[in-house]
Amino acid sequence: MDQQLTEMPLLSKLYLNAAATAAKQRLLRTTPVAALPARAVEVRGVQADLAKLTAFQHLMGKPARDVLPSGYIHALAFPVAMSVMVQDDFPLPLLGMVHLDNAVEHLAPVRFTDVLSIRAWARELKGHRSGTQVQLVAEVRSDDGVKLLWRGVSTYLAKGIYLPDLDKPGNGPATGDRAIFAPPQPTARWQLGVDTGRAYAAVSGDFNPIHLSVLSARALGLRRSIAHGMYAAARVLADIGSPKPDHFSWNISFESPIFLPAQVSLHIADTFADDGGWQGSEFTAWNAHSARVHFRGSVVAGAAVPRTTVGQPIPVTGAEPGAAPLR
């Protein structure tokens with residue numbers, strides 16, 4: 001049975017709960033079980049905050065519109081997905097999770113006046129050469145739960161966490177064996193200040209300490225604060241295929257963090273139909289000084305089956321075990 005929440009959870013409280021759970025587990029030295037919660041978490045009656053929506057659009061360099069950007073919908077659904085990860089029987093620690101990739105199908109326009117139902121659950125708990133990975137699925141539907149509007153699959157890695165009974169895959173090619181990245185001619189350059197993480201946190205509600213300041217990031221083992229991965233995704237989406245069709249899909253794979261401040265080079269390659277209509281785009285972003293790739297991905301009109309960082313398809317349509325069927 002789903003866990004029904006009466007209101008949208010606050011991310012700040014969820015992070016505190018995650019910290020408390022981590023401390024408790026260290027004290028008790030409990031061994032997590034290699035199984036995911038069988039229930040989903042759902043919140044109904046959700047509406048966008050108009051002030052934050054407007055600020056989000058302005059942060060992405062766009063004028064205010066009544067249609068929610070796809071990146072904003074992810075931010076809207078994120079607290080529900082996090083509520084899954086802070087459940088007592090979730091086997092991985094939330095704090096320290098590495099965001100590997102996202103695959104999203106945006107099926108219909110969502111307006112700020114729409115009342116929504118948001119549902120999230122975990123799936124695909126797998127061994128990884130660097131720890132254990134898991135996928136969080138979030139669905140945004142009309143308030144009655146019938147019409148599916150947006151669906152996202154996020155893949156996370158708990159580095160250094162190896163659960164019993166999960167096969168650890170082979171190491172695969174070493175980093176040095178990867179194809180050398182030859183940067184193309186940039187189509188854009190981003191100048192990201194030290195306050196980029198705080199600015200995105202203010203409009204998304206994601207106040208993860210690794211994004212906020214040097215001191216808070218160092219407390220969690222990073223040398224400097226890093227930009228939110230979903231800030232990068234939302235900003236790229238804002239510049240691609242404008243205006244986009246009502247139905248489109250996108251994916252992004254994160255390869256290295258963006259330490260702030262930063263200068264990021266971006267290349268977007270568009271594909272157009274014979275009639276000039278936009279069909280899709282591929283993008284890559286890298287450090288302007290070291291040429292180290294930060295992220296890459298694509299956006300296409302209509303449905304797609306995006307691929308993960310390891311080249312395996314992520315289905316973004318269809319029914320899930322224990323989840324409501326798509327209607």
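Everything numeric here is computed off the predicted structure, so don't read it as measured data. (Residues numbered from 1 in each chain as written. Predicted model: local features only at pLDDT ≥ 70, side-chain atom pairs only at ≥ 80, totals over all residues. Heavy atoms only, no water.)

### Brief notes about the sheet that holds strand β5 (residues 131-142)
Reasoning step 1: Across the sheet, which stays open at both edges, the eleven strands sit in the order β1-β2-β4-β5-β6-β3-β8-β11-β10-β9-β7 with mixed pairing between neighbours. Edge positions in the open sheet fall to β1 (3-5) and β7 (188-192), since each of these has one partner strand only. With strand direction ignored, the average angle separating the axes of adjacent strands in the sheet is 20 degrees.
Reasoning step 2: Note that strand β4 (residues 116-128) and β5 share eleven bridges and pair antiparallel. Across the sheet, the residue bridging to Ile118 is Val140, located in β5.
Reasoning step 3: The strands touched by helix α3 (residues 70-85) within the sheet are β1, β2 (41-46), β3 (98-106), β4, β5, β6 (148-159) and β8 (248-254), with β4 carrying the most contacts at an inclination of about 65 degrees.
Reasoning step 4: Relative to β8, helix α6 (residues 229-239) is tilted by about 140 degrees, and along the sheet it contacts β3, β7, β8, β9 (262-272), β10 (278-287) and β11 (293-301). (Pairing = 2+ DSSP bridges. Helix = DSSP H or I, 4+ residues; strand = E, 2+ residues; numbered from the N terminus. Axes fitted to C-alpha atoms, helices over the stretch in contact; angles between N-to-C directions. Contact = heavy atoms within 4.5 Å.)

### A word on the side chain of Glu105
Reasoning step 1: For Glu105, the position within the fold is in strand β3.
Reasoning step 2: No salt bridge is formed by the buried Glu105, whose closest oppositely charged neighbour, Arg151, lies at an N-O distance of 6.9 Å.
Reasoning step 3: Within the structure, the side chain of Glu105 is placed 2.6 Å from the side chain of His247, a separation counted as a polar contact. (Buried < 20%, exposed > 50% of the residue type's maximum accessible area, 1.4 Å probe, protein only. Lys, Arg positive; Asp, Glu negative; His and termini not counted. Salt bridge = Lys/Arg side-chain N within 4 Å of Asp/Glu carboxyl O. Polar contact = N/O pair within 3.5 Å; in protein donor to acceptor, adjacent residues only side chain to side chain.)

### Considerations on the packing of aromatic side chains
Reasoning step 1: Taken as a whole and judged by the stated rule, the model has seven aromatic pairs.
Reasoning step 2: Pairing Trp190 with Tyr231 gives two aromatic rings, centres 6.5 Å apart and planes at 70 degrees, and the pair type is edge-to-face. In this pair, Trp190 is assigned in strand β7 and Tyr231 in helix α6, connecting sequence segments 41 residues apart. Exposure class is identical for Trp190 and Tyr231. Each is buried.
Reasoning step 3: Measuring from centroid to centroid gives 5.9 Å for Tyr200 and Tyr231, while their planes differ by 75 degrees, and the two rings are edge-to-face. Of the two residues, Tyr200 is situated in helix α4 (residues 196-204) and Tyr231 in helix α6; the sequence distance between them amounts to 31 residues. (Phe/Tyr/Trp six-rings, centres within 6.5 Å; stacked < 30°, edge-to-face > 60°.)

### Digging into the pairing of β2
Walk down a regular strand and you will see the side chains alternate between the two sheet faces.
Reasoning step 1: The pairing of β1 with β2 spans three bridges and is classified as parallel. Paired with Gln4 across the bridge in β2 is Glu42.
Reasoning step 2: Bridge count for β2 against β4 is five bridges, and the pairing is antiparallel. Note that in β4 the partner of Glu42 across the bridge is Arg119.

### Quick notes on α3
Reasoning step 1: Taking 1.5 Å of rise per residue, the 16 residues of α3 would be expected to cover 22 Å, and the 22 Å separating its terminal C-alpha atoms lies within 8% of that figure.
Reasoning step 2: With 16 of its 16 residues buried, α3 lies for the most part within the structure. (Expected span 1.5 Å × (residues − 1).)

### Some remarks on empty space enclosed by the protein
Reasoning step 1: A complete count under the given rule lists one cavity of 30 Å³ or more for this structure.
Reasoning step 2: Considered as a void within the structure, the largest cavity measures approximately 70 Å³ in volume.
Reasoning step 3: Lining the largest cavity are His74, Ala77, Phe78, Ala81, Leu136, Ala138, Trp150, Gly152, Val153, Ser154 and Tyr156.
Reasoning step 4: When contributions to the lining of the largest cavity are tallied by element, the ones reaching two or more residues are α3, β5 and β6.
Reasoning step 5: For the lining of the largest cavity, the leading source of residues is β6, giving five residues.
Reasoning step 6: Of the residues contributing to the lining of the largest cavity, the split by class is eight nonpolar, three polar and no charged. (1 Å grid on protein atoms, 1.4 Å probe; cavity = no way out; pocket = protein on both sides within 12 Å on 5 of 7 lines; lining within 4 Å. Points joined across faces, edges and corners; volume = space filled by probe spheres on them. Nonpolar A, V, L, I, M, F, W, Y, C, P; charged D, E, K, R; others polar.)

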